[in-house]
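Letter by letter, the chains look like this.
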Amino acid sequence: MSDVDALKDKVCAQVDAMRETFVGLSARIHETPEVGLQEHQAARWLTGLLREHGFAVTQPVAGMATAFRAEVQGEHARPHVALIAEYDALAGVGHACGHNLICMASVGAAVALHRAIPTLPGTLTVLGTPAEETVGGKIPMVEHGVFEGVDAAMMFHPSRNNWWVRGALAAQGLTITFHGKSSHAAAAPEKGVNALNALLLTYHAIDALRQHVTSDVRIHGIITKGGDAPNVVPALAQGEFIVRANTRAALAGIMASVKGCAEGAAAATGARVAFAQGLVYAERNNNPVLARYFGENMARLGIRGEEPPAHGGVGSSDIGNVSLVAPTIHPYVAITDDAAGHTPEFREAARSERGYAAMLNAAKGLAMTAVDVMYRPGAPDELWAAFRTSLQR
Ligand SMILES: [Zn+2]
Ligand SMILES: [Zn+2]
C-alpha cells in the first residue's frame with residue numbers, strides 16, 4: 001500500500017470515529033433551520049467544533065456575520081485546500097436542500113483530516129459560505145479575495161444521483177416594481193394608473209419571449225405585490241423573477257430582453273417601472289482532474305459515479321463564481337431515489353439514515369481528495385493546468 005493510501009485509510013477511520021458527533025450536529029442544524037444571512041446558530045456550532053479541534057477561526061468574513069474562515073497551517077502555505085460549508089435553509093420548507101449535510105461533510109472532512117494528520121504539507125481551511133439560496137454569499141467572498149491562493153475548493157451536494165461532474169446555469173434575480181396611481185376603481189377609474197396591469201402584461205410578455213430563446217434559458221417568477229383592495233386601483237405592483245442561461249454573456253442578453261418586456265408594459269399602461277438586480281451567479285467550471293480524484297476516492301468506498309444527462313435538469317449556485325477563480329468541484333451524492341430538492345420529501349431525506357450515510361461518505365471522499373491534492377506529486381500543477389484549459393472553452 002502506498003503512503004497516500006495509508007493516509008487515506010487513517011483519515012476515513014477518523015470520520016468513522018467522529019460519526020456520532022457529525023450526525024448529531026447535522027441533525028441539530030436540520031432541526032434549527034435558518035435562512036440566508038441569519039444562520040447564526042449553525043455558524044456558531046460549526047466554528048465551535050472547528051475551534052475545539054485546533055482551527056483558528058475568523059468571523060465575520062466579507063462583511064457577513066454568518067460567514068467564517070477556519071484554518072490550520074501546515075508546513076507550507078501551498079497547496080491550499082478549502083472545504084466549503086453551506087448551512088442556509090429555505091424559507092417555509094426548512095432544510096429541503098440538505099445544506100445540513102453539506103456543512104457537516106466539509107467540516108467533518110476537515111476535522112478528520114487534521115486529527116489524522118496534525119501537520120499537513122499545506123494549508124487547510126473551511127470556508128463557511130452563507131446564503132447560497134438567496135443572495136449568494138460566495139460572490140462577495142470571491143470579490144473580497146477569500147479564495148485567492150486556493151488550489152482546490154470542494155464541497156458536495158445531496159441529490160438523487162451520484163454525479164461527480166455537473167454543469168450549472170448562470171443566474172440572476174430581478175425584482176420588477178411598477179408604480180401607478182391609486183384611485184377609486186368604480187367612482188374615478190379614469191384618474192388611476194394600474195400598476196398590476198403593467199405587471200401582468202410583463203408576465204405575459206415574458207411568456208411570449210420564452211418561445212424565442214435557446215433551450216438552456218429559464219425565466220420564472222412570482223407576483224409578490226398586486227394591490228390592497230379590489231375597489232382601489234393598484235398603485236404598486238411587484239414581481240420577483242430569476243433568469244438563467246448557459247453563460248453570463250447569454251444571461252446578460254436575456255436580462256435585457258426581460259427588462260424590455262417590463263418597459264413595454266410601462267409604456268402601455270403609463271406606470272413607471274423600477275428594477276433591482278441581484279448578483280450574478282456564474283456558470284460552473286468543474287475541474288476535471290479534481291473530479292477524477294474524487295471519483296476514485298468514492299470508488300474506494302464502493303460508490304460509483306453515474307453519467308449525467310448531456311442537457312437540461314440543472315440549477316444554479318454561487319459555487320460557479322468560485323469555480324472561475326480556483327480549481328473547484330461540486331459533486332452530487334445520492335440521499336434519495338426519487339425526492340426532488342426543495343420539497344418536504346427531500347427535507348426528510350436530509351435527516352434520514354441514508355442521508356447521514358451519504359454525508360459521512362462525502363466527508364471521506366472530500367478528505368481523501370484533499371490528501372491527493374496535498375500528497376500526490378505534481379497535483380496542484382495538474383489542477384491548475386486543467387483549470388486554465390476548461391476556462392478557455
Ligand atoms: Zn437549493
Ligand atoms: Zn443546495
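Each residue is numbered by its place in its chain's sequence as written, counting from 1. Naming scheme: in the order in which they are written, chains are lettered from A and ligands are numbered from 1. Whole-chain, interface and lining totals are the exception, using all residues; otherwise, since this is a predicted model, local features are given only for residues with pLDDT of at least 70 and side-chain atom pairs are given and counted only at 80 or more. Only hydrogens and water are removed before side-chain values are computed, so all heavy atoms of the structure are retained for them.

Asker: Any chance you could break down the sheet that holds strand S5 (residues 152-154) for me, citing the residues and the numbers?
Answerer: At least two DSSP bridges between two strands are required for those strands to pair. Elements are defined by DSSP. Helices are runs of H or I of four residues or more, strands are runs of E of two residues or more, and each kind is numbered from the N terminus. With mixed pairing, 6 strands are arranged side by side in an open sheet as S1-S2-S4-S3-S5-S11. Two strands close off the open sheet at either side, each with one partner strand: strand S1 (56-58) and strand S11 (328-329).

Asker: Any chance you could break down the pattern of salt bridges for me, citing the residues and the numbers?
Answerer: Put simply, a salt bridge is a Lys or Arg side-chain nitrogen that is within 4 Å of an Asp or Glu carboxyl oxygen. According to the stated counting rule, one finds 18 salt bridges in the structure shown. Here Lys138 makes a salt bridge to Asp318, at a shortest N to O gap of 2.6 Å. Residue Lys138 is found in helix H5 (residues 138-143), and its partner Asp318 is found in the loop between helix H8 (288-300) and helix H9 (319-323); the two are separated by 180 residues along the sequence. Neither Lys138 nor Asp318 differs from the other in exposure class; each is buried. We note a salt bridge from Asp337 to Arg354, for which the minimum N-O separation is 3.2 Å. Taken together, the residues Asp337 in the loop between strand S12 (332-334) and helix H10 (344-349) and Arg354 in helix H11 (residues 353-375) connect sequence positions 17 residues apart. On the basis of relative accessible area, Asp337 is assigned to the exposed category, the value being 61%. Here the term buried applies to any residue with accessible area under 20% of the maximum for its type, exposed to any over 50%, and partly exposed to those in between, with areas from a 1.4 Å probe on protein chains only.

Asker: I'd like to hear about the environment of Asp207, residue by residue, with values.
Answerer: Within the secondary structure layout, Asp207 lies in helix H6 (residues 195-210). Exposure remark for Asp207: the relative accessible area of 34% places this residue in the partly exposed category. Each C-alpha atom of the pair Asp207 and Gly192 lies 27 Å from the other, and the pair is 15 residues apart in sequence.

Asker: Describe the coordination of the zinc ion (ligand 1), with residues and values.
Answerer: Sites may look incomplete, because water is not among the atoms used; the donor set itself consists of N, O and S atoms within 2.8 Å of the metal (3.2 Å for Na, K and Ca). Within the first shell, the zinc ion (ligand 1) binds the protein through Cys97 (SG), Glu133 (OE) and His342 (NE2), at distances of 2.0 to 2.3 Å. Within one chain, the residues serving as donors to the zinc ion (ligand 1) are arranged as C-x35-E-x208-H. In this structure, the zinc ion (ligand 1) is positioned 3.2 Å from the zinc ion (ligand 2), and both are ligated by Cys97. Of this pair, Cys97 sits in the loop between strand S3 (80-85) and helix H4 (99-116) while His342 is found in the loop between S12 and H10, placing the two residues 245 residues apart along the sequence. Take Cys97: its relative accessible area is 10%, and that puts it in the buried class. Relative accessible area serves as the criterion here: at 41%, His342 is assigned to the partly exposed category.

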